[in-house]
Amino acid sequence: MVTPRELKKLAKEHGTPLFVVDHDQLRKNYATFKKYLPRVQAYYAVKANSDPAIVKTLYEAGCSFDVASMPEFEIVHRYIKDMPDKERQDWIWDKIIYANPIKANEALQQLNQYKPLVTYDNYEEIRKIKKHAPQAGLALRLKVPNTGAMVELSSKFGAAPGEAVDLIFAADKAGLTVEGLSFHVGSQTTNFGNYAAAINLAANVFKEAQDRGYTKMFLLDIGGGFPAPYDDSVRPFRELAKVINRELDRLFPKKIQILAEPGRFLVATAATAVSKIIGKAVRDGKLCYYINDGVYHTFSGVIFDHCQYHLKSFKRGPTQVCSVFGPTCDALDVVSLVEQLPPDLKLGDFLYSENIGAYSHASSTWFNGFPPAKVVHINL
Ligand SMILES: Cc1ncc(COP(=O)(O)O)c(C=O)c1O
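Report follows, based on the coordinates. (Residues numbered from 1 in each chain as written. Predicted model: local features only at pLDDT ≥ 70, side-chain atom pairs only at ≥ 80, totals over all residues. Heavy atoms only, no water.)

## Some details on the overall build of the protein chain
Counting its secondary structure elements, the protein chain contains 12 helices and 18 strands. If you line up the protein chain on its principal axes, its C-alpha atoms span 70 × 45 × 35 Å. A separation threshold of at least 6 residues defines the contact pool for the protein chain, and within that pool the share at least 24 residues apart is 72%. As displayed, the protein chain has an accessible area near 16400 Å², and 53% of this comes from carbon and sulfur atoms. Positive and negative charge centroids in the protein chain, built from 46 and 41 side chains respectively, lie 3 Å apart. (Helix = DSSP H or I, 4+ residues; strand = E, 2+ residues; numbered from the N terminus. Contact = heavy atoms within 4.5 Å. Areas by Shrake-Rupley, 256 points an atom, 1.4 Å probe, with all protein chains shown as cover. Lys, Arg positive; Asp, Glu negative; His and termini not counted. Charge placed at Lys NZ, Arg CZ, Asp CG, Glu CD.)

Structural data, given as structure tokens:
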């Protein structure tokens, strides 16, 4: 991981706000995922951070990709444009899942030529896919427990287990092929029981489909949700992997392909944000620092991702509770109301936040005229 000394040097060289991506850490995270889940092919959820250099590093490491929009599809597709047509089609089928259960007609029309694997979870989507992307293969997204996840997704997506097999037969009747099942246990899931419950639920749907005569399914996509080690309360990945491997081996024969869509786990620990103090005030007796990055920018995860990032100073010494605000005029631009920082920091001093690679820079805006942080890639 990048050291504080290197960060400071990079901030001086490139200016702030700065977003430093460490590609060694990306490769390490991918290797950890493969090591502990050897049966599972990782499809990186590009939405977590769609920087093309990140996609390239993971692509070269052997990763596949989960995309949820045509622009994300294009980011991945550009690496394979030079392949002969046949190879490219096989590659897309094997390496990309379009895992947005709700797709615009235009996206389906563009996707159809690639014979992609897409997710769905309702009857209207079957009609759309039949009309606009009849060459697509399907994975039915199931609604599964999201208990204890930092970001719940089950209220927005997923077929209820009771209607799952009917939805499989409806797609089959429409002439489409349902190749398997998918689910998402919720992002930053520290309740490992969610995975066990979801894998069991998926196994029941597989069995019911088989019992009723549908035998074309050969894949299970266990989604994202693998937690990043933001703090010590997150138990090690190998413990989660143990639960997942046990349930997969118990319930799914080896011939069933297992996919996953990790986003946060691969990219969160691979980036660090460096910002500069641009203002300092005491309000109601509390010291407030104003920095040149905020929730409309790299710290967008505070709002959209329900994530609290901590700020560190390069200066050592006694600390006190401070507030840290972003640079815009909006009162919503609060990075943190409780940070332990030295009280004697000066304008121009740097602060940094680790483990900020996921759902951060990806949703930066230009609000108030402040541009997104500059991105620097190290260990490429
Ligand atoms: C369909 C889908 N797959 C994968 C992910 C990535 O999840 P995570 O970053 O929690 O691994 C998401 C995140 O919202 C998602 O919606």
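So that's the structure; there's more coming.
## Some remarks on the nonpolar core
Residues Ile222 and Phe226 are the most contacted members of the largest nonpolar core, which totals 102 residues. With 10 residues, the single largest contributor to this core is helix H9 (residues 193–211). When residues of this core are assigned to domains, at least three map to each of domain 1 (4–19 + 270–378) and domain 2 (23–268). Beyond its immediate sequence surroundings of up to four residues, Ile222 is in contact with Val40, Phe183, Tyr195, Ile199, Ile244, Leu248, Ile258, Leu259 and Ala260. Val2, Ala11, Val20 and Val274 belong to the second-largest nonpolar core, a separate cluster that totals 12 residues. (Core = buried A, V, L, I, M, F, W, Y, C linked by side-chain atoms within 4.5 Å. Buried < 20%, exposed > 50% of the residue type's maximum accessible area, 1.4 Å probe, protein only. Domains from an automatic or database assignment.)

## A short note on the packing of helix H2 (residues 23–36) against helix H3 (residues 52–61)
For the pair H2 and H3, the least separation of the axes is 10 Å and the interaxial angle reads 45 degrees. Taken together, the axes of H2 and H3 are oblique relative to one another. Handedness of the crossing formed by H2 with H3: right-handed. Where H2 abuts H3, its residues His23, Leu26, Arg27 and Tyr30 lie against Ala53, Ile54, Thr57, Leu58 and Ala61. Grouping the constituent residues of the contact of H2 with H3 by class yields six nonpolar, two polar and one charged. (Axes fitted to C-alpha atoms, helices over the stretch in contact; angles between N-to-C directions. Parallel < 35°, antiparallel > 145°, perpendicular 65-115°, else oblique. Left-handed = near helix turned anticlockwise from the far one by under 90°. Nonpolar A, V, L, I, M, F, W, Y, C, P; charged D, E, K, R; others polar.)

## What about the site of the ligand?
In the vicinity of the ligand, 15 residues are found, and the nearest of them are Ser187, Gly225, Glu261, Arg264 and Tyr359. Between the ligand and Gly263 there is a distance of 2.9 Å, counted from an oxygen atom to a backbone nitrogen or oxygen. Tyr359 is positioned with one of its side-chain polar atoms (N or O) 2.5 Å from an oxygen atom of the ligand. Compared with its free state, where it exposes 400 Å², the ligand has 92% of that area covered by protein. (Near = heavy atom within 4 Å. Polar contact = N/O pair within 3.5 Å; in protein donor to acceptor, adjacent residues only side chain to side chain.)

## Considering the sheet that holds strand S8 (residues 177–183)
Across a sheet, paired strands are connected by hydrogen bonds in the backbone, their directions being either parallel or antiparallel. An order of S2-S3-S4-S5-S6-S8-S10-S11 is seen for the eight strands of this closed barrel, with the pairing classed as parallel. The mean inter-strand angle of the sheet, taken between neighbouring strand axes irrespective of direction, is 30 degrees. Most of the contacts of helix H8 (residues 161–173) go to strand S6 (residues 137–142), to which it runs at about 165 degrees, and overall it touches strand S5 (117–120), S6 and S8. Lying over the sheet, H9 contacts S6, S8 and strand S10 (219–221), oriented at roughly 160 degrees with respect to S8. (Pairing = 2+ DSSP bridges.)

## Remarks on the pattern of salt bridges
As enumerated under the stated definition, the model contains 18 salt bridges in all. Across the pair Glu247 and Arg246 runs a salt bridge whose closest N-O atoms are separated by 3.1 Å. Through salt bridges that share partners, Arg39, Asp249 and Lys254 make up one connected network. (Salt bridge = Lys/Arg side-chain N within 4 Å of Asp/Glu carboxyl O.)

## A closer look at the environment of Asp249
In this fold, Asp249 is placed in helix H10 (residues 237–251). Overall, the relative accessible area of 46% leaves Asp249 in the partly exposed class.

## Examining the side chain of Asn292
Checked against the element boundaries, Asn292 lands in the loop between strand S13 (286–291) and helix H12 (301–304). Separated by 2.9 Å, the side chains of Asn292 and Thr16 make a polar contact. Not counting chain neighbours up to four residues away, the residues in contact with Asn292 comprise Thr16, Pro17, Ser275, Lys276, Ile278 and Pro327.

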